[in-house]
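This is what each chain is made of:
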Amino acid sequence: MSSANAAVPQQQPPQPPQQQSWFSSFSGIIRTAVIAYLIINIFRQKPAPPASPDSPASSDPANPSRPAAPDLKSFTHLWPLGIQSHLSVYLSESDKINVAINSAPVWTESPLTFGDMTEKSKEISIPVTTNLANNGSFYAHVFLSREEDIKKANRDSIIHFTKLLTRYAPKRKDIKLKKLVGGSVEEKDVDQEVESEPVSVQPWVSYWWSNLTISVVPQVDALPTTLPPAVFPHFRSSTDGKHYLPFFYANDFWMMGEQLNPINDTLKSLDLTLRFQPLSSWQFQLYVQMDESFKAQSQMMGANDVDQFKSMLIETNPILLGITLIVSLLHSVFDFLAFKNG
């Protein structure tokens, strides 16, 4: 009997599949994001020509763009490194520049050495007016000038942008949560979200993001006469059409939907953090290229997915993120080669 038992091989119970490690899950997310980014860039439109007088960048009367000369191969910089510049920020309910600069600036930094990468910041409080509480618009007019008095600056010695600070979006649905502990008798057995209003088309209301990041790119490299589409809207040429002015814009890359707060008449004031953040050329191009890709992805995937990816970039250790990205890229290459040779 013992020999018969020994002849029967013992069957091993099936082993449960091992759970995916956090590294595999994380690398999968990164790999998906990288592939989506590459696909978007593959189908990206061809490089755009330099700004013309009818382009958005040239609509600023302080910085009109001029068409390039027919035989021009590249633009050279007009502002050399080391010069003194002056930052002025005006806030107004009007989008008119002439109206805004008649008031006192809310922030000035002077002098600033052009090319110094030191960041500056200031926190201010803005009173909520009746117009602002009722979906009114509110603008920032930002100037960087080689002249301390911006009214004395010529078109090649000043750069400017106007930024709408109030953000408009459909009104969020008010959600009421039923309590299981401490609620009324009727509520004790209810564990669900109940909408306070019937589902309908939500009206558009104004929201506030308490941050304005002012970015300038103090680069001195020559620019080609054809520019990537993401860089094109920020281009400003000089009055002679042979030089370019520094890239100067409001950087909203890190804005996420959960950070927007509705503006209404219950608020007495709004907080705003003003930041002056110089960027290197590669940082600027990375920001605008990724921002363009995220906008395209938000139309396909939804803004929430893009916000989650931004949160991951903020919360993840940069070294770990870089290593994971490299490993994921190598893993994708090896998978491709194995599939090709298989």
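Bear in mind the structure is a predicted one, so any value in this text is a computation, not a measurement.

Enquirer: Which residues make up the side chain of Arg-167, and what values do they have?
Expert: Among the structural elements, Arg-167 can be located in strand β7 (residues 166-170). Polar side-chain contacts of Arg-167 include one of 3.0 Å to the side chain of Asp-252. Not counting residues within four places of it along the chain, the set of residues in contact with Arg-167 comprises Val-205, Ser-206, Tyr-207, Trp-209, Asn-211, Asp-252, Met-255 and Leu-260.

Enquirer: Quick one: what's the story with the sheet that holds strand β1 (residues 74-77), residue by residue and with numbers?
Expert: Within the open sheet, the three strands sit side by side as β12-β1-β13. Their pairing is mixed. At either end of the open sheet lies a strand with only one pairing partner, and these are β12 (223-224) and β13 (243-244). Pairing geometry for β1 and β13, over two bridges, is parallel. By the bridge assignment, Thr-76 is partnered in β13 with His-243.

Enquirer: Which residues make up empty space enclosed by the protein, and what are the values?
Expert: Summed over all chains, the structure comprises two cavities of 30 Å³ or more. Taken as a whole, the largest cavity spans an internal volume of roughly 60 Å³. Taken together, Ser-85, Leu-112, Thr-113, Phe-114, Gly-115, Asp-116, Leu-144, Val-216, Pro-218, Phe-276 and Pro-278 make up the lining of the largest cavity. Mapped onto the lining of the largest cavity, the elements with two or more residues apiece are β3 (107-113) and β16 (269-278).

Enquirer: How would you summarise the pattern of salt bridges if you had to cite specific residues and measurements?
Expert: Applying the stated criterion across every chain yields a total of two salt bridges. A salt bridge links Asp-252 to Lys-163; the shortest N-O distance between them is 2.6 Å. Of this pair, Asp-252 sits in the loop between β14 (247-250) and β15 (261-262) while Lys-163 sits in strand β6 (residues 158-164), and the two are 89 residues apart along the sequence. Taken individually, Asp-252 and Lys-163 each receive the classification buried, so the pair is uniform in this respect. For Asp-252, a relative accessible area of 17% corresponds to the buried category. Within this structure, Lys-163, Arg-167 and Asp-252 form a network of salt bridges that share partners.

So, how was this worked out
- Residues numbered from 1 in each chain as written.
- Predicted model: local features only at pLDDT ≥ 70, side-chain atom pairs only at ≥ 80, totals over all residues.
- Heavy atoms only, no water.
- Helix = DSSP H or I, 4+ residues; strand = E, 2+ residues; numbered from the N terminus.
- Polar contact = N/O pair within 3.5 Å; in protein donor to acceptor, adjacent residues only side chain to side chain.
- Contact = heavy atoms within 4.5 Å.
- Pairing = 2+ DSSP bridges.
- 1 Å grid on protein atoms, 1.4 Å probe; cavity = no way out; pocket = protein on both sides within 12 Å on 5 of 7 lines; lining within 4 Å.
- Points joined across faces, edges and corners; volume = space filled by probe spheres on them.
- Salt bridge = Lys/Arg side-chain N within 4 Å of Asp/Glu carboxyl O.
- Buried < 20%, exposed > 50% of the residue type's maximum accessible area, 1.4 Å probe, protein only.

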